[in-house]
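Chain by chain, the residues:
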Amino acid sequence: GFEANELHSFDHGEHVGGMCFSPDSSLVASGGDDKRAVVRNCSSGEVVANIERNGELWSCEFSPDGALLAACGDDNCVTLTCTKSWETKSVIKRNVGISTVRFTPDNSKILIGINTAIHVFTLDGQFMFTIEGDLARATFLKGLGTDLIVCPLPTQKKSLIYSLKTEKLVQVIT
């Protein structure tokens, strides 16, 4: 296999914007300023997919079941790619660059981070609702149900706990 010190060989130009491993650790996806996501086999280092985009890639994540790869960036969209065929399943478009993308632990929703707002979508790309928070710093509460997410707001010195099931604010922590 390849070693961590070989990551420079991913060669995304000057900047790697996002990197993630598949749930079974068999694949690693990376993307950057060269407008593409590259997926490699972790054992061999072989490229298994090269996904072209229309802008820099800032974040990528595999779904919890490993069936999808989500990638987002300054082209104002999230692309959901099927990991069996490497074909695009759906594209979610917004009006501004998307900094972060994450799946819910139960694999039922995709969360898109834009500034201090988290936009919640179905896996088919249907908008559901928006909550306040920084997705890059957000954490799902384990053991209390996979639908609870803690969203820190450091500049306001508080955190918000939302239920993604009820779409409601559950608690404010100061």
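Residues numbered from 1 in each chain as written. Predicted model: local features only at pLDDT ≥ 70, side-chain atom pairs only at ≥ 80, totals over all residues. Heavy atoms only, no water.

Novice: Please explain the environment of Gly-45 as it appears in this structure.
Specialist: With respect to the helices, strands and loops of the structure, Gly-45 is situated in the loop between strand 3 (36-41) and strand 4 (47-52). When its relative accessible area of 15% is taken as the criterion, Gly-45 is described as buried. Placed 18 residues apart in sequence, Gly-45 and Leu-27 show a C-alpha to C-alpha distance of 8.9 Å. (Helix = DSSP H or I, 4+ residues; strand = E, 2+ residues; numbered from the N terminus. Buried < 20%, exposed > 50% of the residue type's maximum accessible area, 1.4 Å probe, protein only.)

Novice: I keep staring at the pairing of strand 9 (residues 100-103) and nothing clicks. Help me out?
Specialist: Sheet faces and side chains relate simply in a regular strand, where the side chains alternate between the two faces. The alternating pattern of strand 9 places Thr-100 and Arg-102 on one face and Val-101 and Phe-103 on the opposite face, and all of these are buried. Sheet topology note: the strand 9/strand 10 (residues 109-114) ladder contains four bridges and is antiparallel. Opposite Arg-102, over in strand 10, you have Leu-111 as the bridge partner. Count of turn residues in the strand 9/strand 10 antiparallel hairpin: five residues, of which Asn-107 carries a positive phi of about 65°. (Pairing = 2+ DSSP bridges.)

Novice: Which parts of the structure should I look at to understand the pattern of salt bridges?
Specialist: Pairs can form between side chains of opposite charge whenever their charged atoms are close. For the structure shown, the criterion picks out four salt bridges. Among the salt bridges present, the one from Asp-34 reaches Arg-36, with a minimum N-O distance of 2.5 Å. Take Asp-34: its relative accessible area is 24%, and that puts it in the partly exposed class. With a shortest N-O distance of 3.1 Å, Asp-124 and Lys-89 are connected by a salt bridge. On the criterion of sequence distance, the pair formed by Asp-124 in the loop between strand 11 (117-122) and strand 12 (127-132) and Lys-89 in strand 8 (residues 88-93) is long-range, its members being 35 residues apart. Accessibility expressed as a relative area gives 56% for Asp-124, which makes it exposed. (Salt bridge = Lys/Arg side-chain N within 4 Å of Asp/Glu carboxyl O.)

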